[in-house]
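Working through the structure, step by step
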Amino acid sequence: MVPEYNPSKIEKTAQEKWLKEGRFKSKPDNRQKYYCLSMFPYPSGKLHMGHVRNYTIGDVISRYKRMNNFNVFQPMGWDAFGLPAENAAIANKVSPKDWTNQNIEHMKKQLISLGLGYDWSKELRTCEPQYYKWEQLIFKKFYEKGLVYKKKSIVNWDPVDETVLANEQVIDGKGWRSGAKVELKEIDQWFIKITDYADELLSSLDEVDWPENVKTMQKNWIGKSHGAEIKYQIADTSKYLTVFSTRPDTIYGVSFIAISPNHEIALDLAEKDSQVKNFLNKCNETSSAEAYMTKAEKLGIDTGMKAIHPITKKNIPVWIGNFVLLDYGTGVVMGVPGHDQRDFEFASKYNLDITQVISLGSDDALPITNKGTLVNSDIYNDLSSDDASLKIISQLKSDELGEGLVQFRLRDWGVSRQRYWGCPIPVIYENGEAKLVEEKDLPVTLPDLPEKSAPIPLSQNKDFYNVSEEIKRETDTFDTFMDSSWYYARFTAADNESEIFDENTKYWLPVDLYIGGIEHAILHLLYSRFFHKALRDMGMVDGNEPFKKLLTQGMVLKDGAKMSKSKGNTVDPQSYIDKYGADTVRLYMMFTAPPEQSLEWSESSVEGASRFIKKVWNLVIDKKYISIDMPNKFSKEEMDLRRKTHSTLKKVTSDFESRFSFNTAIASIMELLNAIPEDFKKSDAADSKKFCLNESITIILKTLNPIAPHISEFLWDHFHQESSLDSIESSWPEVQENLLEVSEFELVIQINGKVRGKVLADIDFDQDKIEEIAKKVENVSSNLEGKDIKKSIYIKGKIINFVV
RNA sequence: GGGGAUGUGGUGGAACUGGUAGACACGCUUGGCUUAGAACCAAGUGCCGCAAGGCGUGGGGGUUCGACUCCCUCCAUCCCUACCA
């Protein structure tokens, strides 16, 4: 009687064994190191499909590397501060801390039940003082290095709840809980000068092995542009409006100046003019999210002020425009409706002049946003855009009305949050003057909440902020991106309580492979890269970049949309683990789509993965390995199987090694399994057949081990029970190249690019011989009859094409 | 609005370097096994057509002996857009 496949039993046994023997604990040794990191999760309650996919990819690669004799470090931790814990606290009257820790305990069990090989001795939680103590220290060092400052900045303000809202909490311009119209409000906040590193963040992208699309997104985000700062004098005053423009060549086409509603001048004007005031109020009824602002209808109001064009000296109107961002450039733009889409729409709406100053030579329908040749530009006519820009900048410079300038789109990083569940910013105010908390007084610990209390912001917690009559604490907490910007480095010394980093940090960094969702392609990765560079400059880590190679996995979709609670289209992985076992879920995840692509969840495909696992089980479970000497001769059938076995191994190895293409690797293992003839599996099969079968079983189990580690290790041990072979993960098998050579191939015969026939041909035949046998093929000869062959193209070992 | 992707059978996907489009799987159809079902096994399955044959990789155009692959253009969907993580 063949024992039935019982995944829950063999998986649990294997997982307990791995934990007990500490199989995934890593320490430096003389092998080549491989630090494989998957983005740590926010502990939202239970694992979702995106986590399962992400962590399976990381584990498959880690196990593969381990079989290839790498010293692998694969840690896991928790991005434990954040908004959802506060929401849960309000909804369920549990403290954010308890809620978070309970979630972590549950999710950790789930990770273990998926068979993920983490070094749990380095686990970390960002909400614990032993983690954020070091974050506060880093902030202090940033401050001492001049990378930290305070300035006013705009937030979403809910006037009913009297709280700051995240962009996510603003729905259609209204607060999600109160439903009140959200207002923009300026408050004092801490900023980190990431822009000091803008140039290096851009240039050192060349040093990393990252997907081109991610590099492009980062480049565009940083947005280095060459342009000019141009000063427009305000008529009848001695004041100037300074604009930044990337297109000084279009300066003769300026027909208005637009300033941000939050610009000083606009605010001053509102004091005197009620119409302007009303307009500004209207502009402030919006979300601060860029996507929201720029999609909103373009609105403007004429201030009545005039600005003097720096070259033509004509008066041009000054408007306030809701599309002008205060934080980008100078908060003032010059409107060139002929050559900018947005300005064109604005000018059309408010009947402002539209002048063409750039020509492409033909089809001059405005707006023309490309560069071209100047027209209507006085002495600059007929120059190219680039030449004209240089000359115009030099004229402005000699008139002291402007200069050439490099501008970045990247803005400094606002790290203040007015929330409870975050890392306290380690600052005290002594008689109003900000000072960083002394190192010996760190950490500044987040106070616990009273039993069953809703989150109380630190600004309402007198015991916390009131140190003495003169000394008050900062009550903002850090953006949670701070927490996740350096955890990759802390993992290497996570159990070291006396130092932030140690000699292990030097050994393990940089991360050799970082795996995570494509949605983090810009912000998280940019902040981490900045942190690494700043830490490097303080002598705390080595190297310029934290993540050598990056693998961005696609989203897990259901019905074409990202799985999310808010959309109500989530699928709980746990039920599938319970029903089919972790190996099946892992196999399904790897088989259904290549890692970079989005994965559309399909209920029924899981069945297929399960079926394959059972087939492997049924193949091996009733057999025991018997040592057989290699036979002198093999039959054709035996040779075919050996060739298939080794070509599969070659395919799987290259799929793992060069392109992380697990779906095709699995497909070829399935092919191999299907290719084993029935009579090879019989207990009374000839020794030569058993030899070939041994070889196939070995390759199937070994190549499957990174993907489905429980069943393959179980079957391996079971198969070798009576022999004394090494453990399954001791090595990755080697391809026997000599078995792959073939003397014959199937020649495809085309006429004018259409397939007309196929015939077996010798690989060594020359083109004449190939043509000769190709013309003899029935369907080919009939199709060639009465036609002139103009040309024939032969691609060796593949195809011949007759052009008639 | 800006930036980045994706688009191939009924479905997920394969075709890696311009060389047989649809590997591998799901689903479906037929048959076997079974009292019946599940499971399992075997065969078939891009579309139109009785067939010969023709058509076919989001739409349109181009380069090439040959295009899913390269170029131009249009369309649709998804992700990010600085306070979700």
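Here the structure is a predicted model, which is why all the values come from computation and not from measurement. (Residues numbered from 1 in each chain as written. Chains lettered and ligands numbered in written order. Predicted model: local features only at pLDDT ≥ 70, side-chain atom pairs only at ≥ 80, totals over all residues. Heavy atoms only, no water.)

Check the secondary structure of chain A and you find 26 helices and 31 strands. Principal axes of the C-alpha set define a box for chain A whose edges measure 105 × 85 × 45 Å. When each of the 804 residues of chain A is scored for burial, the buried share is 53%. Relative to all contacts within chain A whose residues are 6 or more apart in sequence, the contacts with residues 24 or more apart total 71%. Summed over all atoms, the accessible surface of chain A reaches about 37300 Å², with 47% contributed by carbon and sulfur. Distance between charge centres in chain A, computed from 103 positive and 120 negative side chains, equals 3 Å. (Helix = DSSP H or I, 4+ residues; strand = E, 2+ residues; numbered from the N terminus. Buried < 20%, exposed > 50% of the residue type's maximum accessible area, 1.4 Å probe, protein only. Contact = heavy atoms within 4.5 Å. Areas by Shrake-Rupley, 256 points an atom, 1.4 Å probe, with all protein chains shown as cover. Lys, Arg positive; Asp, Glu negative; His and termini not counted. Charge placed at Lys NZ, Arg CZ, Asp CG, Glu CD.)

Here proline 424 shows up in the loop between strand 18 (416-417) and strand 19 (427-430). Between the alpha carbons of proline 424 and lysine 349 there is a distance of 48 Å; along the sequence they are 75 residues apart. Ignoring sequence-local partners within four residues, the contact set of proline 424 consists of Tyr132, Gln136, Val444, Thr445, Leu446, Phe464, Asp476, Thr477 and Phe478.

The buried count for strand 1 (residues 33-38) comes to six of six residues, which makes it a mostly enclosed element. The alternating pattern of strand 1 places Lys33, Tyr35 and Leu37 and Tyr34, Cys36 and Ser38 on opposite faces, both of which are buried. Judged from the three bridges that link them, strand 1 and strand 2 (residues 71-73) form a sheet pairing that is parallel. For tyrosine 35, the partnering residue across the bridge sits in strand 2 and is phenylalanine 73. You can see the chain leave strand 1, run along helix 2 (residues 49-67) and come back into strand 2, and the turn it takes is right-handed. (Pairing = 2+ DSSP bridges. Right-handed = clockwise from strand over helix to strand, strands pointing away.)

Applying the stated criterion to the full structure yields 49 salt bridges. Two residues, lysine 549 and aspartate 209, come together in a salt bridge whose shortest N-O distance is 3.1 Å. Of the two residues, lysine 549 is situated in strand 24 (residues 547-553) and aspartate 209 in the loop between helix 6 (198-203) and helix 7 (212-222); the sequence distance between them amounts to 340 residues. Put simply, Lys17, Glu21, Arg23, Glu713, Asp717 and Glu729 are held in one network by salt bridges that share partners. (Salt bridge = Lys/Arg side-chain N within 4 Å of Asp/Glu carboxyl O.)

For chain A, the assigned domains are domain 1 (7-77 + 87-140 + 486-573), domain 2 (146-200 + 415-480), domain 3 (224-408), domain 4 (602-740) and domain 5 (744-803). Facing 21 residues of domain 1, the contacting portion of domain 4 comprises 21 residues. Carbon and sulfur atoms supply 67% of the area that domain 1 and domain 4 bury against each other, a total of about 1800 Å² over both sides. A per-residue breakdown of the area domain 1 buries against domain 4 is headed by Ile10, Tyr64 and Met67, which together make up 41% of the total. Across the domain 1-domain 4 interface, the total number found is five salt bridges. Here glutamate 713 ties to lysine 17 by a salt bridge, and the two come within 2.8 Å at their closest N and O atoms. Only helix 1 (7-21), helix 2 and strand 24 provide two or more residues apiece to the side of domain 1 that touches domain 4. Considering every element that reaches the side of domain 1 that touches domain 4, the biggest residue donor is helix 2, with eight residues. (Domains from an automatic or database assignment. Buried area = accessible area lost by both parts, 1.4 Å probe.)

Bringing the side chain of serine 528 into the picture now. Structurally, serine 528 can be placed in helix 17 (residues 523-537). Excluding anything up to four places from it in sequence, serine 528 contacts Ser484, Ser485, Tyr488, Pro546 and Phe547.

To continue, consider the layout of surface pockets. Considering only enclosed or pocket space, the second largest pocket measures out at about 750 Å³ in volume. What lines the second largest pocket is a set of 25 residues, and nearest its centre among them are Thr246, Tyr328, Val333, Asp340 and Arg342. Contributions of two or more residues to the lining of the second largest pocket are made by strand 9 (240-245), helix 10 (290-295), strand 13 (332-335) and helix 11 (341-350). Taken together, the residues of the lining of the second largest pocket break down into nine nonpolar, nine polar and seven charged. (1 Å grid on protein atoms, 1.4 Å probe; cavity = no way out; pocket = protein on both sides within 12 Å on 5 of 7 lines; lining within 4 Å. Points joined across faces, edges and corners; volume = space filled by probe spheres on them. Nonpolar A, V, L, I, M, F, W, Y, C, P; charged D, E, K, R; others polar.)

Between helix 20 (residues 605-620) and helix 23 (residues 687-704), the shortest axis-to-axis distance is 11 Å and the interhelical angle comes to 140 degrees. Considered as vectors, helix 20 and helix 23 are oriented oblique to each other. For the crossing formed where helix 20 meets helix 23, the hand is left-handed. Two secondary-structure elements touch here, helix 20 through Phe612, Val616, Leu619 and Val620 and helix 23 through Leu693, Ile697, Ile700, Leu701 and Leu704. Here the contact of helix 20 with helix 23 is built from residues that sort into nine nonpolar, no polar and no charged. (Axes fitted to C-alpha atoms, helices over the stretch in contact; angles between N-to-C directions. Parallel < 35°, antiparallel > 145°, perpendicular 65-115°, else oblique. Left-handed = near helix turned anticlockwise from the far one by under 90°.)

What follows concerns the sheet that holds strand 19. A sheet is described by the order of its strands in space; here three strands give the open sequence 20-19-21, paired in antiparallel fashion. Edge positions in the sheet fall to strand 20 (433-436) and strand 21 (471-473), since each has one partner strand and no second. Each strand of the sheet is rotated relative to its neighbour by a mean of 35 degrees, with strand direction disregarded. Pairing analysis gives four bridges linking strand 19 to strand 20, with the strands arranged antiparallel. Residue pairing across strands places tyrosine 429 opposite alanine 434, the latter belonging to strand 20.

Close to RNA strand B lie 72 residues; Glu290, Arg419, Arg611, Lys651 and Asn801 are nearest. The sugar-phosphate backbone supplies 62% of the atoms of RNA strand B found within 4 Å of the protein. A distance of 2.9 Å separates a phosphate oxygen of RNA strand B from a polar atom in the backbone of glutamate 168. Within the backbone of threonine 592, one N or O atom sits 2.9 Å away from a sugar or linking oxygen of RNA strand B. With six residues, the top contributor of residues to the surface near RNA strand B is helix 22 (residues 662-675). (Near = heavy atom within 4 Å. Polar contact = N/O pair within 3.5 Å; in protein donor to acceptor, adjacent residues only side chain to side chain.)

Glancing now at helix 1. The end-to-end C-alpha distance of helix 1 is 21 Å, a good match for the 21 Å that 15 residues give at a rise of 1.5 Å each. Looking at the buried side of helix 1, the elements it contacts are helix 2, helix 4 (96-113), helix 18 (573-580), helix 19 (582-592), helix 20 and helix 24 (709-719). A positive phi of about 60 degrees marks glycine 22, the residue just after helix 1. (Expected span 1.5 Å × (residues − 1).)

Moving on to the pairing of strand 24. In terms of residue burial, strand 24 counts as a mostly covered element, since five of its seven residues are buried. Examined bridge by bridge, strand 23 (residues 511-517) and strand 24 share six bridges and lie parallel to one another. Counterpart to valine 511 in the pairing with strand 24 is phenylalanine 547. With respect to chirality, the unit in which strand 23 leads through helix 17 into the neighbouring parallel strand 24 is right-handed.

What follows deals with the packing of helix 2 against helix 21 (residues 636-659). Interaxial distance between helix 2 and helix 21 falls to 11 Å at its minimum, and their mutual angle equals 115 degrees. Judged by the angle between their axes, helix 2 and helix 21 are roughly perpendicular. Relative to helix 21, helix 2 is oriented so that their crossing is left-handed. Between helix 2, through Val60, Tyr64 and Lys65, and helix 21, the contact on the second element is made entirely by Thr653, Phe656 and Glu657. Tallied by class, residues from the contact of helix 2 with helix 21 come to three nonpolar, one polar and two charged.

So, about the packing of aromatic side chains. On inspection of all chains with the given rule, the structure shows 46 aromatic pairs. With 5.6 Å between their ring centres and 65 degrees between their planes, tyrosine 487 and phenylalanine 491 make a pair best called edge-to-face. On the basis of relative accessible area, tyrosine 487 is assigned to the buried category, the value being 1%. For the pair tyrosine 514 and phenylalanine 547, a centre-to-centre distance of 4.0 Å together with 20 degrees between the ring planes defines the contact as stacked. Highlighted residues: tyrosine 514 in strand 23 and phenylalanine 547 in strand 24, separated in sequence by 33 residues. The two residues tyrosine 514 and phenylalanine 547 agree in class, both being buried. Here the aromatic cluster, defined as three or more aromatic residues joined through ring pairs, consists of Phe142, Tyr197, Trp413, Phe481, Tyr527, Phe530 and Phe531. Over the ring of tryptophan 157 we find lysine 185, and its NZ or CZ is 3.7 Å from the ring centre. Above the face of the tyrosine 240 ring, lysine 231 is positioned so that its terminal group lies 5.1 Å from the ring centre. (Phe/Tyr/Trp six-rings, centres within 6.5 Å; stacked < 30°, edge-to-face > 60°. Lys NZ or Arg CZ within 6 Å of the ring centre and 35° of its normal.)

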